[in-house]
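Coordinate inspection notes
If you want the building blocks of each chain, they are given just below.
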Amino acid sequence: ITGNNAGSAARGRGSLTFNTSTGTLKIRSAADTVDGAANLYMGQWASTTGGATTSTFDVSGHSADIKLGTLNVAARNAVATQTETDTFRFDTGTLTVANQAILANTAADATHTSSNVANMTLGGGSVGNGSVTFTNGLSLAQNARTSGTGTAAATLTINGNPGFSFDVTSGQ
C-alpha cells in the first residue's frame, strides 16, 4: 500500500481487525514490498461536518510485520465540533515507524472545538513478543490550536517487556 486511511476522508471510519484467532499481517509500501514503508492515517480528515467517529487498528494476538513511514492516530485536522476516537493495538511481531508518530492532533484554528482522542496499546496479551521502534519519537496529545476549545488526549499503554525503542513527547 502507498498509504492507508483508516477512517480518513470526508467523513469516514475504519477498522482493521482479524475475524479469527489465526492469521498474520505484513504491511509495506506498494512501491517496495520488501523494505518500503507505507503510511497509516487514522481519523485524519478535513470535513467540517459529520458526526463523531471511531477507527480501530487491532492486530493484537496475531503476528504482524509493520513498516511505516508515518503513523497518525486521531489526527483530525478539521475545524469541527465532533469527537474523533481512534485505537491502535499491537503486541506481536515488528512495528517500525520512521517519522515521528503522532497520537491525537488538533487543527491550528481559533474556531476548532472538536476533541481528538487516541488510544495506543503496545505489548501484552497471551503472546506479547514484539519489537517496537519509533525512529523519530512518539508525540502524545499534540494540540496545534492557537485559541478555541479543541482538545487532544492520548493514552499510551505498554504491557509486558516487548523491547521498545523510542522517545515520547507530550503536550501542547
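Throughout what follows, the structure given in this document is the object of discussion. (Residues numbered from 1 in each chain as written. Predicted model: local features only at pLDDT ≥ 70, side-chain atom pairs only at ≥ 80, totals over all residues. Heavy atoms only, no water.)

Points about the overall build of the chain
What counts, and what does not: Runs of H or I in DSSP of at least four residues are treated as helices and runs of E of at least two as strands, each being numbered from the N terminus. Partly exposed describes any residue whose relative accessible area lies between the buried limit of under 20% and the exposed limit of over 50%, with all areas from a 1.4 Å probe on protein chains only and scaled to the type maximum. Contact criterion: two residues are considered in contact whenever any of their non-hydrogen atoms come within 4.5 Å of each other. Under the convention used here, a 1.4 Å probe and the Shrake-Rupley method define accessible areas, while residue burial counts only the protein chains that appear.
A tally of helices and strands in the chain yields zero helices and 15 strands. By residue count, 43% of the 172 residues in the chain fall in the buried class. Sequence separation of 24 or more characterises 86% of the internal contacts of the chain that already satisfy a separation of 6 or more. Accessible surface computed for the chain: about 7,600 Å², of which carbon and sulfur atoms make up 46%.

As for the nonpolar core
The line we're drawing: Side-chain atoms within 4.5 Å link the members of a nonpolar core, which is a set of buried Ala, Val, Leu, Ile, Met, Phe, Trp, Tyr and Cys residues.
If you look at the biggest cluster of nonpolar residues, it comprises 29 residues, and the most contacted ones within it are Leu 71, Phe 88, Leu 95 and Phe 134. Top contributing element to this core by residue count: strand β6 (residues 63–73), with five residues. Leu 71 has contacts with Leu 40, Phe 88, Val 97, Gln 100, Ala 101, Ile 102, Met 120 and Phe 134, leaving out every residue within four places of it along the chain.

Describing the pattern of salt bridges
Where charged atoms from two side chains of opposite charge come close, those side chains can pair. What counts is decided by this rule: Just to be clear on terms, a salt bridge is a Lys or Arg side-chain nitrogen sitting within 4 Å of an Asp or Glu carboxyl oxygen.
Tallying each qualifying case throughout the model produces two salt bridges. Here Arg 28 ties to Asp 65 by a salt bridge, and the two come within 3.0 Å at their closest N and O atoms. Remark: Asp 65 occurs in strand β6 and Arg 28 occurs in the loop between β3 (24–27) and β4 (38–42); sequence separation between them is 37 residues. Linking Arg 89 and Asp 58 is a salt bridge whose minimum nitrogen-to-oxygen distance equals 3.1 Å. Of this pair, Arg 89 sits in strand β7 (residues 83–90) while Asp 58 sits in strand β5 (residues 53–58), and the two are 31 residues apart along the sequence.

Digging into the environment of Ser 114
Structurally, Ser 114 can be placed in the loop between β9 (101–106) and β10 (115–123). Spatially, the C-alpha atom of Ser 114 lies 6.6 Å from that of Thr 151, the residues being 37 residues apart in sequence.

What about the sheet that holds β5?
Selection criterion: Note on pairing: DSSP must find at least two bridges between two strands before they are called paired.
Taken in spatial order, the five strands make up an open sheet running β2-β5-β7-β10-β13, and their pairing is parallel. The strands lining the two open edges of the sheet, one partner per strand, are β2 (15–16) and β13 (151–159). Pairing between β2 and β5: two bridges, direction parallel. In the strand pairing of β5, Ser 15 is matched with Thr 56.

Details of the side chain of Thr 70
To keep it simple, the criterion reads: In protein, a polar contact means a hydrogen-donor-capable atom and an acceptor-capable atom, both N or O and within 3.5 Å, with residues adjacent in sequence counting only if both atoms are side-chain atoms; elsewhere, any N or O pair within 3.5 Å suffices.
Mapped onto the elements of the fold, Thr 70 is located in strand β6. When its relative accessible area of 14% is taken as the criterion, Thr 70 is described as buried. Engagement of the side chain of Thr 70 in a polar contact is seen with the side chain of Asn 99, the distance being 3.1 Å. Those residues within four positions of Thr 70 in sequence are excluded, and the remaining contacts are Ala 38, Asn 39, Leu 40, Tyr 41 and Asn 99.

Quick word on the packing of aromatic side chains
Geometrically, a pair of aromatic rings is defined through the distance of the ring centres and the angle of the planes. The condition that has to hold: Two rings from Phe, Tyr or Trp (for Trp, the six-membered ring) form a pair when their centres sit within 6.5 Å of each other. Planes less than 30 degrees apart are called stacked, planes more than 60 degrees apart edge-to-face, and all others tilted.
As enumerated under the stated definition, the model contains one aromatic pair in all. Note on Phe 57 and Phe 88: the rings are 4.8 Å apart at their centroids and 5° apart in plane angle, and the pair reads as stacked. With Phe 57 in strand β5 and Phe 88 in strand β7, the pair connects residues that are 31 residues apart, well separated along the chain. As far as burial versus exposure is concerned, Phe 57 and Phe 88 are alike and both buried.

Quick notes on the environment of Asn 105
In this fold, Asn 105 is placed in strand β9. Once the C-alpha coordinates of Asn 105 and Ser 115 are considered, the two residues, ten residues apart in sequence, prove to be 9.1 Å apart.

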